[in-house]
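Coordinate inspection notes
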Amino acid sequence: MPAEIVGRDAELKRVAAVLDAAVAGPTALFLSGEAGIGKTTLWEAGVNDARRRKFHVLLSRPVESEAALSYAGLADLLAAVPQETLDRLPPAQGSALEAALLRGPSTPHDRDHRAIATGLLGVLDDLARDAPVLIAVDDVQWLDGSSIRALEFAARRRRGRVSILAAVRGTPEEGRAAQQRFGRGDRAEPLVVRPLSLGALHHLLKRRTGRTYSRPALVRVLEVSGGNPFFALELARVLGDAPARAPGTRYPTTLAEVARARLESLKTPARGVLLAAAALAAPTIDVLAQLDSKAAAALEGAEELELLEIEGNRVRFTHPLLASGIYAMATPAQRRNVHLRVAGLGLDPEERARHLALAATTADAETVAALDEAAGLARRRGAPAAAAELLELGLRLGADTPRRRLAAAHHHFDSGDPLRARALLEELIAREAPGPMRAEAESLLASVRLHDDSYAEAAGLLEQALLDVAEGSQLRVRIQLQLCYVLTNLGRIDDALLLAERVVLDAQRLGDPALQAVALASSTITKFLNGQGLDEAVLERALALEDPLLGMPIMFRPTMIAGLLLMWVGRLDQASEIFYRLRRECLERGEETDLMFVAFHTVMLECWRGDLGAARAVADDTHERALQLGTDVPLATALSTIANAAAYEGRASEAREAAERALAIFQRGTCLVATLWPLATLGFLELSTGDFAAAAARLAPMANGAAAMGVREPVCIPFAADAAEALIALGRTDEATSLVDQLEAHGRRLDRAWALAAGGRCRALLLGAAADLTAAVTAAETALLEHDRLDMPFDRARTLLVLGTLQRRQGRRRAAAETLDTATEVFEALGTSHWAARARAEASRLGLQPGQATALTPTEQRVAELAGTGRTNREVAATLGISPKTVEANLARVYQKLDIHSRAELGRRMAAVAN
């Protein structure tokens, strides 16, 4: 235990234990307690210990005056990080992080705060490869909002040897709240710093003051200070020897009072210098000297009184309470005056604007212009929260214009505060006359409502916005694109189709290539959903015009739309390449909400391709990220991916729980399309486990409702085939026939191999239910030919299962066994346990031993080889020394085992075996 730290043996052991564990993996220790209780002392001990252990220590000690400055805390944390570490980051992260830290050139584009946060995570991962990393933050409550968001993102996703030691002023509940924001759940360790005991207080006062106090005096100090070491020491400084000489001496009763008593000993000029130091984010002797030529002498005097510390040119109060105390002692006029004087010191534009705002009582032109300029700079640095706050300072001063209110709402929404954005927008819409300004506000409010899954409200806002905006504007095209997407998700495909055709024409007249690309892609996918096929020429044009920096959600991007369309037409490898490339881009930029959308379709794609390991990996990663995001819609999307993967794997309870939870979240909103996928998964799960009634109850209404929605592309309603299979199993063949007819008709019209294969399988089931086994087998065999055009092994195995069942019913036991063995092998290789069990159960009804179905006896093998060369039965009999009847009997068994019907087929089979 360090000699200068008194009464903290247990706490220091906790700090050391966290650092011990940090060598192996991520840990965290959050110190909480009231001001002056000793958090900083323990925090500093941990920092020094980490440095002795050769940790990379990223340190920030924010003060109250820095709390509003964008990325001030992040700049502290990364101050000692070498440039080569930043250079190793992906370009999107590196350039964004350098702009945030004011190390890189400014650009006309807004930096993405998500890329900054992801860049911080990349820095931590890079440093941790060399040595353990400790993120050390004292007074977390004073971190600026932009830094908090970046640190929260990185801290909750940190891997390996990256740990946190932080101190937060407040109650135990506030300490736990900080732990939840920055920690990793069960691995974070909160520590409430308690008051010192009487004995510890005695040793502390004796060591720090050189005096010995009587027990009554110590008891009184303990009672007044509550065991708070800073409070007790300040009492000793204020009262001098009074506690020892006069037990009845009046004591200050609060920390603020004792701090004020100490500060009152300062002369008035010195108080002015310290007031300026308290107002500045990073006070230095040089800056303060610009305000007062005698600042250096005043600062030295304050240092002798232990009110502040001078480290080189930097000035720092010995305790934050002293800074807030000197600020509280000033009158409002004195504070405004010091802010005005500080604003003239050539500070950073953001800090200057804040000082001007704090000095102002009205919206004077200079202050408002400075706030607007600073907000623009903050936004370009990737600090939308800071930009919003700067604009709101102008609003409160009286500069409440529609444009400024709209911009503030944009920044709030981008920074993850949709509630404040919504409040600003609803008030703006209520008081603004129809026109472009109100239309833009309605469009943004629609985005806010989409954020909480209120699609119906979003549609109404967008439809009203179109009435408020003139023809031929970029805003109108953007609103139309947004409305087209919303209508599609509400199941209003026909309405979306009409709008998509208009928006293409409007975008072309506007002459904006980027918007043209989005409009063309939107029109292409809407027509595809409507059953009009894939217009590859239009899609290629959209891809050629695409601008990845347009700043629209990923579902609007032509590349994403291309991936979906390629997946739906069966070009799975091409779609996979697109999805994983977009996934990498989302991860590099920290676009985790967009990542949810990509991940959902990636999991579906991998299930179709039969790579359940890849599907599970993406689903688990997506679920973890959704939990870190902490909002409902991403969580529901992630749960849908978990449910989909688990249903294929045969994990029934996991799939059911995840799908039900996702459905409950989606049903609170109004996005009809979103509710279909957990419902489809539940229906597929019931079909997999043989509960056909439950499957039909889930799937049949969805399949029948697809046409009413305007969806006529069979691949986009894959649950229709499952619904038909469940209905057939229940004897509801008339209902099933309608679905199968549609599936096959659309498949033939559009040449969709999947629809023809799935439709053929269902047709075989229908014919089998009617006891037309010959036609049923033919339908299943035709379906297998369509499967040859697809890389979807699970679906092929399902058709083999149907075919094997029909062959068994025909009495072709050995052919059935071969077919069912193949289906079982595929199901088992894929890991689809429910379906493997169904295939094995069907095979067991044949009464054959494993391998008995297809293995030829030695005699059968020799007969088959000779007959396959073209010899007659008599010639084979003469060669083998057996009768022609015996040859005929052996050939009959060979034909049945090999499921062939002619000597020509036998010849080909034997030749293939020989080769």
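Up top is the structure these notes are about.
From a predicted model like this one, the values you see are computed outputs, not experimental measurements. All residue numbers refer to position in the chain's written sequence, counted from 1. Residue-level local features of this predicted model are given only where pLDDT is at least 70; pairs of side-chain atoms are given and counted only at 80 or more, and the full residue set underlies all totals for whole chains, interfaces and linings. Based on all heavy atoms of the structure, the side-chain values leave hydrogens and waters out of the count.

This part is about the overall build of the protein. A run of DSSP states H or I qualifies as a helix once it reaches four residues; a run of E qualifies as a strand once it reaches two. Both are numbered from the N-terminal end. Looking only at helices and strands, one finds 48 helices and 7 strands in the protein. Accessibility here uses a 1.4 Å probe with only protein chains present; expressed as a share of the type maximum, an area under 20% marks a residue as buried, one over 50% as exposed, and anything in between as partly exposed. Here the protein, with 915 residues, has 55% of them falling under the buried criterion. Contacts between residues were defined by any pair of non-hydrogen atoms, one from each residue, lying within 4.5 Å. Here the contacts in the protein between residues at least 6 apart in sequence split such that 66% fall between residues at least 24 apart. Accessible surface computed for the protein: about 37500 Å², of which carbon and sulfur atoms make up 52%. In this count, Lys and Arg are taken as positive residues and Asp and Glu as negative ones, while His and the chain termini are left out. All charge positions are set by atom: Lys at NZ, Arg at CZ, Asp at CG, Glu at CD. Of the side chains in the protein, 107 bear a positive and 116 a negative charge, and the two mean positions are spaced by 3 Å. For accessible areas, the Shrake-Rupley method is used with a probe of radius 1.4 Å. Any residue's cover is judged against the shown protein chains and nothing else.

The next subject is the packing of helix H7 (residues 145-157) against helix H8 (residues 172-182). Only the stretch in contact is used when fitting a helix axis, every axis being a line fitted to C-alpha atoms; angles between N-to-C directions are given from 0 to 180 degrees. H8 packs onto H7 with a crossing angle of 70° between their chain directions and a minimal axis gap of 7 Å. Taken as axis vectors, H7 and H8 run roughly perpendicular relative to one another. Contacts between H7 and H8 involve Ile 148, Leu 151, Glu 152, Ala 155 and Arg 156 from the first element and Gln 180, Arg 181 and Phe 182 from the second. As a working rule, the residues Ala, Val, Leu, Ile, Met, Phe, Trp, Tyr, Cys and Pro are called nonpolar, Asp, Glu, Lys and Arg charged, and the rest polar, with Gly in that last group. Looking at side-chain class alone, the contact of H7 with H8 contains 4 nonpolar, 1 polar and 3 charged residues. Roughly parallel means an angle under 35 degrees; roughly antiparallel means over 145; roughly perpendicular covers 65 to 115; every other angle is labelled oblique.

So, about the packing of aromatic side chains. Here the aromatic set is Phe, Tyr and Trp, taking the six-membered ring for Trp, and pairing holds for ring centres within 6.5 Å; pairs whose planes are under 30 degrees apart are stacked, those over 60 apart are edge-to-face, and all others are tilted. For the structure shown, the criterion picks out 12 aromatic pairs. On the basis of an interplanar angle of 35° and a centroid distance of 4.8 Å, the ring pair of Tyr 648 and Phe 684 is categorised as tilted. On the criterion of sequence distance, the pair formed by Tyr 648 in helix H34 (residues 632-649) and Phe 684 in helix H36 (residues 672-688) is long-range, its members being 36 residues apart. Residue classification places Tyr 648 among the buried residues on the basis of a relative accessible area of 10%. The exposure class assigned to Phe 684 is buried, which follows from its relative accessible area of 6%. Relative to Trp 835, the ring of Phe 794 lies with its centre 5.7 Å away and its plane at 90°, an arrangement referred to as edge-to-face. Placement of the pair is Phe 794 in helix H42 (residues 793-810) and Trp 835 in helix H44 (residues 833-844), with a sequence separation of 41 residues.

Put plainly, a pocket is an open set of points on a 1 Å grid over the protein atoms alone with protein on both sides within 12 Å along at least five of seven lines, a cavity is a set where a 1.4 Å probe fits but cannot get out, and a lining residue has an atom within 4 Å of a point. Grid points are joined across faces, edges and corners, and a volume is the space filled by probe spheres set on the points. Applying the stated criterion across every chain yields a total of 5 cavities of 30 Å³ or more. The computed volume of the largest cavity comes to approximately 310 Å³. Trp 608, Asn 644, Tyr 648, Pro 718 and Asp 722 are, among the 21 residues lining the largest cavity, the residues nearest its centre. For the lining of the largest cavity, the secondary-structure elements that each account for two or more residues are helix H32 (592-609), H34, H36, helix H38 (719-729), helix H40 (753-769) and H42.

Attention now moves to a negative patch on the surface. To count toward a patch, a residue needs a relative accessible area above 30% and no salt bridge. Like charges then connect within 9 Å, nonpolar side chains (Val, Leu, Ile, Met, Phe, Trp, Tyr) within 5 Å. Salt bridge, as applied in this entry: a Lys or Arg side-chain nitrogen positioned within 4 Å of an Asp or Glu carboxyl oxygen. Taken together, the side chains of Glu 300, Glu 303, Glu 304, Glu 309 and Glu 311 define an acidic patch exposed on the protein surface. Where the negative patch is concerned, the elements lending two or more residues are helix H16 (295-304) and strand S6 (308-311). A per-element tally of the negative patch places H16 first, with 3 residues. Assignment of secondary structure puts Glu 311 in strand S6.

A word on the packing of helix H20 (residues 365-380) against helix H21 (residues 384-397). Between H20 and H21, the shortest axis-to-axis distance is 7 Å and the interhelical angle comes to 165°. Between H20 and H21, the angle is such that the two are roughly antiparallel. Here the hand of the crossing between H20 and H21 comes out left-handed. Facing Thr 367, Leu 371, Asp 372, Ala 374, Ala 375, Ala 378 and Arg 379 of H20, the residues of H21 in contact are Pro 384, Ala 386, Ala 387, Leu 390, Leu 391, Leu 393, Gly 394 and Leu 397. A clockwise turn of the near helix away from the far one marks a right-handed crossing, whereas an anticlockwise turn of less than a right angle marks a left-handed crossing.

This brings us to the pattern of salt bridges. By the definition in use, this model includes 64 salt bridges. The shortest N-O distance in the salt bridge between Arg 404 and Asp 372 comes to 2.6 Å. With a gap of 32 residues between them, Arg 404 in helix H22 (residues 402-414) and Asp 372 in helix H20 connect regions that are remote in the sequence. Arg 404 sits in the buried class, given a relative accessible area of 12%. Asp 372 sits in the partly exposed class, given a relative accessible area of 32%. A salt bridge links Glu 842 to Arg 808; its shortest N-O distance comes to 2.5 Å. Note that Glu 842 is positioned in helix H44 and Arg 808 in helix H42, a separation of 34 residues in sequence.

By the element assignment, Ser 522 lies in helix H28 (residues 513-529). Using a relative accessible area of 10% as the deciding quantity, one classes Ser 522 as buried. Setting aside residues up to four positions removed in sequence, Ser 522 forms contacts with Leu 481, Cys 484 and Ile 561.

Turning next to the environment of Leu 393. Topologically, Leu 393 is positioned in helix H21. The exposure class assigned to Leu 393 is buried, which follows from its relative accessible area of 16%. Taking the C-alpha atoms as reference, Leu 393 lies 6.7 Å from Ala 357; in sequence the two are 36 residues apart. Contact partners of Leu 393, with chain neighbours within four places excluded, come to Arg 354, Ala 357 and Leu 371.

Working note: α-helix, 3.6 residues per turn, so residues spaced by three or four point in the same direction. The span one expects for a helix is its residue count, reduced by one, times 1.5 Å. With 14 residues, helix H25 (residues 455-468) should reach 20 Å at 1.5 Å per residue; the first-to-last C-alpha distance of 20 Å fits that figure. Burial in H25 covers these residues: Tyr 455, Ala 458, Ala 459, Leu 461, Leu 462, Ala 465, Leu 466 and Asp 468. Structurally, H25 contributes buried residues whose contacts are with helix H24 (436-451) and helix H26 (474-489).

Note on placement: Asp 139 falls in the loop between strand S3 (133-137) and H7. The side chain of Asp 139 sits in the buried core without any salt bridge; Arg 169 is the nearest counter-charge, 4.6 Å away. In protein, a polar contact means a hydrogen-donor-capable atom and an acceptor-capable atom, both N or O and within 3.5 Å, with residues adjacent in sequence counting only if both atoms are side-chain atoms; elsewhere, any N or O pair within 3.5 Å suffices. Here Gln 141 takes part through its side chain, which lies 2.8 Å from a polar atom of the side chain of Asp 139. Setting aside its immediate chain neighbours within four residues, Asp 139 contacts Pro 62, Ala 167, Arg 169 and Pro 320.

This part takes up the side chain of Thr 622. Of note, Thr 622 is situated in helix H33 (residues 612-629). A polar contact is formed between the side chain of Thr 622 and the backbone oxygen of Val 618, at a distance of 2.6 Å. Excluding residues that lie within four positions of it along the chain, Thr 622 makes contacts with Arg 583, Met 596, Ala 599, Ala 638 and Thr 641.

Turning our eyes to something else, we now look at unusual backbone geometry. You will see that Lys 54, though not glycine, has its phi angle at about 70°, which is positive. Mapped onto the fold, Lys 54 is located in the loop between helix H2 (39-52) and strand S2 (56-60). Look at Lys 54 and you get exposed, because its relative accessible area is 66%.

Taken across its 8 residues, strand S4 (residues 162-169) has 7 buried, putting it largely inside the fold. DSSP bridges decide pairing: two strands pair if at least two such bridges lie between them. Note: strand S1 (residues 28-33) against S4, 6 bridges, orientation parallel. Following the sheet pairing, Leu 31 is matched in S4 by Ala 167. For S3 and S4, the ladder comprises 5 bridges, and the chain directions are parallel. Its bridge partner being in S4, Val 137 is matched across the sheet by Ala 166. Place the viewer so that the strands point away; then a crossover is right-handed whenever the path from the first strand over the helix to the second strand goes clockwise. With H7 bridging S3 and its parallel neighbour S4, the resulting β-α-β unit is right-handed.

Attention shifts here to helix H9 (residues 198-209). For H9, built from 12 residues, the straight-helix expectation of 16 Å at 1.5 Å per residue is met to within 8% by its first-to-last C-alpha distance of 16 Å. Residues of H9 that are buried include every one of Leu 198, Ala 200, Leu 201, Leu 204 and Leu 205, and no others. Across the axial projection of H9, the buried residues extend over an arc of 155°, all falling on one side. Backbone geometry just after H9 places Gly 210 at a positive phi near 75°. Regarding the arc, it is the one traced by the directions from the helix axis to the C-beta atoms.

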